[in-house]
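Residue strings, one per chain:
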Amino acid sequence: MKAKELRTLPKEELLEKKKEFFSELLNLRHQKVIKGLEKPHKISQIKRSVATINTLLREEELRGRKI
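From a predicted model like this one, the values you see are computed outputs, not experimental measurements.

Quick word on the pattern of salt bridges
Under the definition given, this model contains 2 salt bridges. In this structure, the salt-bridge partner of Glu-59 is Arg-7, at a minimum N-O distance of 3.1 Å. With Glu-59 in helix H3 (residues 41-64) and Arg-7 in helix H1 (residues 3-7), this pair connects stretches of sequence that are 52 residues apart. Close ionic contact of Arg-58 with Glu-61 constitutes a salt bridge, the shortest N to O distance being 2.8 Å. On the criterion of helical spacing, the pair formed by Arg-58 and Glu-61 is a turn pair, its members being 3 residues apart in helix H3. Residue classification places Arg-58 among the partly exposed positions, given a relative accessible area of 42%.

Laid out in structure tokens, this is it:
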């Protein structure tokens, strides 16, 4: 997902998306080991989405702690 799309989601939905991405990533890794993947780039896309969500959550956390 694009960062622009993710920024519109509330924190609870971001956390839920993160869980969904992790479970999908786990499934893709299992498939890769067992029989190979048709679209191996999907793994890096999901990892990038998780990193974007983590960044957005951290930005929100820092915004709440302004001095």
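Notes on the environment of Lys-47
Tracing the sequence through the fold places Lys-47 in helix H3. Lys-47 sits in the partly exposed class, given a relative accessible area of 46%. Through-space distance from the C-alpha of Lys-47 to that of Leu-25 is 7.7 Å; in sequence the pair is 22 residues apart. If near-sequence neighbours (up to four positions away) are discounted, Lys-47 is found in contact with Leu-25 and Arg-29.

Topic: the nonpolar core
In terms of nonpolar packing, the biggest core is built from 13 residues, with Leu-6, Leu-14, Phe-21, Leu-28, Ile-43, Ile-46 and Ile-53 touching the most fellow members. When residues of this core are traced back to their parent elements, those giving at least two are helix H2 (11-34) and H3. Those residues in contact with Phe-21, other than ones at most four positions away along the chain, are Met-1, Ile-46, Ser-49, Val-50 and Ile-53.

The rules we used
- Residues numbered from 1 in each chain as written.
- Predicted model: local features only at pLDDT ≥ 70, side-chain atom pairs only at ≥ 80, totals over all residues.
- Heavy atoms only, no water.
- Salt bridge = Lys/Arg side-chain N within 4 Å of Asp/Glu carboxyl O.
- Helix = DSSP H or I, 4+ residues; strand = E, 2+ residues; numbered from the N terminus.
- Buried < 20%, exposed > 50% of the residue type's maximum accessible area, 1.4 Å probe, protein only.
- Contact = heavy atoms within 4.5 Å.
- Core = buried A, V, L, I, M, F, W, Y, C linked by side-chain atoms within 4.5 Å.

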